[in-house]
Structures are given as structure tokens and as C-alpha cells.
Amino acid sequence: LKQMMGGKLEVNKADGKMTEMVMPEWMAGDRKAMTEEQIKQIKEFESKLKAFNEEMDKQRKSLEAELKKLKADAKEAVEAYDRNLAAFFHTTQMRAQANFYELETQIIHLGISLEQQLESEEEHEKQLVGELESLKVVKGKSAAALSEFSREVAAFKDQYDMLVADDKAMEKSFKRNFAECEEYVDVLYRLFKRRSKRTKEEEKKEE
């Protein structure tokens, strides 16, 4: 085939696959002046060119289907990441509020109890001692709760740092994976960055 085409065979240097078939200049001449062998070569070339074009069309459709699937997978991955991140922030915020309300309730109950106990002068000293012990217990609980909350905040920070690192890694991975599809890189990248803005808006609503 290469000899017949006069060396006009275009090959993709990256993967060694033929990307284009170019008709030799002599085949564009007047067929009336050609020999039977030359006409035979032209017909063989046209037949191979038709088969080549059909194969290229199949490859194009296959690549388009694969790209469509990759875009859908990327979108689903971003949406799942957003949902998980929003759920994590919501759970952490609710836990912190619950701890705060529990401590506030204990302080209110303690104040009411102290006020009632001080009304009795005979039991004043005993009540003061009891209240002092109660305050120590509450202080211990508060210190323990504060320590637990500090650990949760530290854990949250570690997880958040991991999420940020994953976010950056995913961004680099997107650009690397779709580097060969230049016409779609911008679309996918905007979709990826848009989810960060949406996540921040959801956090503000929850606050």
C-alpha cells in the first residue's frame, strides 16, 4: 500500500497508528491516459480509503462515548464529594452546639439550686459546702467537655486539611487526565471549581 501510494502514508508518531491517507498526485490525473494497472491501483486505493474512513469514524464515536462517560463520572465524583463535605460540617457543628447547650443548662440549674439553698440560714454553711463540691464537679465536667471539644476541633482540622489536599490532588488529576482533550478541559475545570462555591453557600445557610 505504501509503495502504491508513493509514500503518502500519514502516521501518528505518538502511538504508531495511521491517521490520514493521502492520494498521490498522479492519481488525480486524467484516467483516460492511464494504464489498466494504474486504474486498478486507484480503485484499490479508493477501496482502502473507504475502509479507513469507516474505521476512523468508529474510533471517533468510541472516543466520544468514552469522553461522555468520563464527564458523567467526574460530575458524580464532585457531587458525592460535596455531599460528604457538607454532611461532615453539619455533624461537627451540631455536636458543638449540643455540648454548649448542655453546659449552659447545667449552669442554669446550678444557679437556681444555689438561690433556693441560700434561703435557709440554718443550712447555709452546709449548702455552701455542697454547692462548692457541685461547682467542682461541674468544673471537672466542663474541663472534660472542653478537652473533648478541643480534640474534636483538632480532628476536624486534620480532616479538613486532608480534604483540602484531596481537593488540590483531584484538581491536578483532572488537568492531567484530560490534558489530551483540550476542547473539554475548560468545561470540566469550571464544573469542578463551581462545586467549591456551592459548598460555601450551603455552609453559610446552615450557620
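Residues numbered from 1 in each chain as written. Predicted model: local features only at pLDDT ≥ 70, side-chain atom pairs only at ≥ 80, totals over all residues. Heavy atoms only, no water.

### Observations concerning the overall build of the chain
Reasoning step 1: If you tally the helices and strands in the chain, you get three helices and two strands.
Reasoning step 2: In the chain, which comprises 207 residues, the proportion classed as buried is 15%.
Reasoning step 3: The long-range share in the chain, meaning contacts at least 24 apart out of those at least 6 apart in sequence, stands at 53%.
Reasoning step 4: Total accessible area on the chain is roughly 16,000 Å²; 55% of this is exposed by carbon and sulfur atoms. (Helix = DSSP H or I, 4+ residues; strand = E, 2+ residues; numbered from the N terminus. Buried < 20%, exposed > 50% of the residue type's maximum accessible area, 1.4 Å probe, protein only. Contact = heavy atoms within 4.5 Å. Areas by Shrake-Rupley, 256 points an atom, 1.4 Å probe, with all protein chains shown as cover.)

### Considering the pattern of salt bridges
Reasoning step 1: Evaluation of the coordinates by the stated rule reveals 10 salt bridges.
Reasoning step 2: The residue Lys61 makes a salt bridge to Asp57 at a minimum N-O spacing of 3.4 Å. Taken together, the residues Lys61 and Asp57, both in helix H1 (residues 36-117) and four residues apart, mark about one turn of the helix.
Reasoning step 3: Ionic pairing is found between Glu76 and Arg83, a salt bridge with its closest N-O pair at 3.4 Å.
Reasoning step 4: Overall, the relative accessible area of 48% leaves Arg83 in the partly exposed class. (Salt bridge = Lys/Arg side-chain N within 4 Å of Asp/Glu carboxyl O.)

### Section: the packing of aromatic side chains
Reasoning step 1: Summed over all chains, the structure comprises six aromatic pairs.
Reasoning step 2: Through a chain of ring-to-ring contacts, the aromatic side chains of Phe88, Phe89, Phe156 and Tyr160 assemble into a single cluster. (Phe/Tyr/Trp six-rings, centres within 6.5 Å; stacked < 30°, edge-to-face > 60°.)

### Things to note about a nonpolar patch on the surface
Reasoning step 1: The grouping of Leu146, Phe149 and Val153 at the surface amounts to a nonpolar patch, some 250 Å² of accessible area in total.
Reasoning step 2: Locating Leu146 in the fold gives a position in helix H2 (residues 124-177).
Reasoning step 3: Accessibility expressed as a relative area gives 54% for Leu146, which makes it exposed. (Patch = residues over 30% accessible without salt bridge, like charges linked within 9 Å, V, L, I, M, F, W, Y side chains within 5 Å.)

### Notes on the nonpolar core
Reasoning step 1: Grouped together as the largest cluster of nonpolar side chains are six residues: Met21, Met27, Met34, Ile42, Phe45 and Phe52.
Reasoning step 2: If one sorts the elements of this core by residue count, H1 sits on top with three residues. (Core = buried A, V, L, I, M, F, W, Y, C linked by side-chain atoms within 4.5 Å.)

### What about the confidence of the model for the chain?
Reasoning step 1: Mean pLDDT over the chain: 78, with 75% of residues reaching 70 or higher.
Reasoning step 2: In this model, residues 11-16 is a region of pLDDT below 50 whose contacts with residues beyond four sequence positions or in other chains number six contacts. (pLDDT = per-residue confidence, 0-100.)

### Focus: the side chain of Glu131
Reasoning step 1: You can see Glu131 is positioned in helix H2.
Reasoning step 2: Glu131 has contacts with Leu110, Ser113, Leu114 and Gln117, leaving out every residue within four places of it along the chain.

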